[in-house]
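Okay, here's what each chain looks like letter by letter:
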Amino acid sequence: MTDHTELAGRRVLVTGATHGIGRSIARAFAAAGATVVLHGRDADAGNRLALELSGSFVAADLEDPGAPARIVDAATEGGQLDVVVNNAGFEVEAAVDALVPEILTRLLRVNVQAPVEIIRLALPHLERSDGAAIVNVTSIHESVPVEANGGYAAAKAALAAFTRTAAIELGPRGVRINNLAPGAVRTSMNDHLIHQVGEERFARWIPLGRVGDVDDVAQAALFLAGPASRYVTGTTLTVDGGYSQHLVRYAPDPGTA
Ligand SMILES: NC(=O)c1ccc[n+]([C@@H]2O[C@H](COP(=O)([O-])OP(=O)(O)OC[C@H]3O[C@@H](n4cnc5c(N)ncnc54)[C@H](OP(=O)(O)O)[C@@H]3O)[C@@H](O)[C@H]2O)c1
């Protein structure tokens, strides 16, 4: 494992840090010596993790338009903010016919609008850092389609496109911004799918032979936030064990494909 001690003393906001990938990212930053500001809705889980990591927790539902301001206020208490990890997100399985405006609005609100607003509000603080970095957690579905996933894919693709554009504007201001696109990672978000397919069978779709672990994604987040990626901005780092390259994804039996 890479030594990420250069992140010591950095102040890092991680949204959606109460469970899954975000919790692992928060733990990884704290282990590297960063001060973590955690966000989520589940106050019990958030406060427990804040205690464990000697960080702080802010509860806010990203569907609430006032949430980004409350989160950035908490993250910038004391003035310093070096890294923003926009990780919070959710997925709704809805085929085109079922993608009613209420669902699409929620998907866009949480997965695109809120992270963009967090970035906009955090920017004056990030600009003062000599190691400013933004990591937007998207998904392989920012570019790889699967059925009944159009709303989520549209939201993640929008965030990814925003990142590429923002990189042009923010580079000269000393702020790097990248996308981190996980593939299939075992969390509550896709437990049911992995269970339904069967983990062994699922793993056969993945060139590296296993479903992803939250720490696989956390290590990539450390890389994108730290000086090892100092010349990297406006790109997407895919962390999927090769899953998105495997075009036999839809074969009825991946074992014989
Ligand atoms: N797991 C995968 O295979 C996978 C693959 C590609 C991309 N991703 C992306 O990775 C990120 C993390 O997903 P995960 O798998 O770790 O999912 P998860 O275990 O369901 O965790 C989601 C996190 O986001 C927070 N969150 C969700 N909706 C929110 C809202 N409306 N307001 C505030 N917080 C909200 C949750 O907070 P509370 O629990 O406190 O409500 C939780 O901390 C997401 O952006 C997801 O799209 C995941």
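Per chain, the residues get numbers from 1 upward, laid out in the order the sequence is written. Since the coordinates come from a predicted model, pLDDT governs what is reported: local features require at least 70, and pairs of side-chain atoms require 80 or more to be given and counted, while whole-chain, interface and lining totals use all residues. In computing side-chain properties, one takes all heavy atoms of the structure into account and sets aside hydrogens as well as water.

> Describe the overall build of the protein chain, naming the residues involved and giving the relevant values.
Secondary structure elements follow DSSP: runs of H or I of four or more residues count as helices, runs of E of two or more count as strands, with numbering from the N terminus. The number of helices and strands found in the protein chain is eight helices and seven strands. As defined in this context, the radius of gyration uses C-alpha atoms, and a globule is described by 2.2 Å times the residue total to the power 0.38. In terms of overall dimensions, the protein chain is globule-like: its C-alpha atoms have a radius of gyration of 18 Å, near the 18 Å expected for 257 residues. Seen through its C-alpha atoms, the protein chain measures out along the principal axes to roughly 55 × 45 × 40 Å. Each residue is placed in one exposure class: buried if its accessible area under a 1.4 Å probe, protein chains only, is under 20% of its type's maximum, exposed if it is over 50%, and partly exposed if it falls in between. Buried positions account for 49% of the 257 residues belonging to the protein chain. Pairs of residues are marked as contacts when any of their non-hydrogen atoms sit within 4.5 Å. Of the contacts formed within the protein chain by residues at least 6 apart in sequence, a portion of 70% connects residues at least 24 apart. For the area figures, the Shrake-Rupley method with a 1.4 Å probe applies, and any residue is considered shielded solely by the protein chains shown. Of the roughly 12,000 Å² that the protein chain leaves accessible, carbon and sulfur atoms contribute 54%. His is not counted, nor are the chain ends; Lys and Arg add positive charge and Asp and Glu add negative charge. Taken as the charge centre is NZ of Lys, CZ of Arg, CG of Asp or CD of Glu, depending on the residue. Side-chain charges of the protein chain comprise 21 positive and 29 negative groups, with the mean position of each set lying 3 Å from the other.

> Describe the packing of aromatic side chains, and please don't skip the residues or the numbers.
The pairing test for Phe, Tyr and Trp rings, Trp by its six-membered ring, is centres within 6.5 Å, and the orientation test on the planes gives stacked under 30 degrees, edge-to-face over 60, and tilted for anything in between. Counted by the stated rule, this structure contains two aromatic pairs. When the ring of Phe202 is compared with that of Trp205, the centres are 5.2 Å apart and the planes differ by 70°; the resulting orientation is edge-to-face. Ring geometry for Phe202 against Tyr243: centres 5.7 Å apart, planes inclined by 50°, an arrangement best described as tilted. Remark: Tyr243 occurs in the segment after strand S7 (236–239) and Phe202 occurs in helix H7 (residues 199–203); sequence separation between them is 41 residues. Site record: aromatic cluster; members linked through ring pairs are Phe202, Trp205 and Tyr243.

> Mind laying out the pairing of strand S5 (residues 132–137), listing which residues take part and the relevant values?
In terms of burial, S5 is largely enclosed, as six of its six residues are buried. With burial as the criterion, each face of S5 is covered, one bearing Ala132, Ile134 and Asn136 and the other bearing Ala133, Val135 and Val137. Across four bridges, strand S4 (residues 83–86) lies against S5 in parallel orientation. Note that in S5 the partner of Val83 across the bridge is Ala133. Viewed with both strands pointing away, a crossover whose connecting path from the first strand over the helix to the second turns clockwise is right-handed. Between the parallel pair S4 and S5, the chain is carried across by helix H4 (residues 101–126), and the sense of this crossover is right-handed. The sheet contact formed by S5 and strand S6 (residues 175–182) spans six bridges and is parallel. Its bridge partner lying in S6, Asn136 is registered against Asn179. Handedness of the crossover is the feature at issue here: the chain leaves S5, passes through helix H5 (residues 150–170), returns alongside S6, and the resulting connection is right-handed. Strand pairing is assigned whenever DSSP detects at least two bridges linking the two strands.

> An account of the nonpolar core is needed here, citing residue identities and associated values.
Residues enter a nonpolar core if they are buried and are Ala, Val, Leu, Ile, Met, Phe, Trp, Tyr or Cys, with the set joined through side-chain atoms within 4.5 Å. Core analysis: the largest hydrophobic core is formed by 32 residues, its most contacted members being Ile25, Phe29, Leu38, Val85 and Leu180. Contributions of two or more residues to this core are made by strand S1 (11–14), helix H1 (20–31), strand S2 (35–40), helix H2 (43–53), S4, S5 and helix H8 (214–225). A total of seven residues in this core trace back to one element, the largest contributor, which is H8. Among residues more than four places away in sequence, those in contact with Val85 are Val12, Leu13, Val14, Thr15, Ile25, Phe29, Val135 and Val137. Counting residues in hydrophobic clusters, the runner-up holds 31 residues, among them Ala67, Phe90, Ile134 and Val175.

> So what's going on with H5? Residues and values would help.
Take the residue count of a helix, subtract one, and multiply by 1.5 Å to get its expected span. Taking 1.5 Å per residue as the helical rise, H5 with its 21 residues ought to reach 30 Å, and the 29 Å between its terminal C-alpha atoms agrees with that figure. In the core, the buried residues of H5 are packed alongside H4, S5 and S6.

> Residue-level account of unusual backbone geometry, with values.
With a phi close to 50°, Ser54 is a non-glycine residue in the positive phi region. Owing to a relative accessible area of 65%, Ser54 belongs among the exposed residues under this scheme.

> So, the environment of Ala28: which residues are in play, and what are the values?
Assignment of secondary structure puts Ala28 in helix H1. When the C-alpha positions of Ala28 and Asp215 are compared, they lie 8.0 Å apart, and in sequence the two are 187 residues distant.

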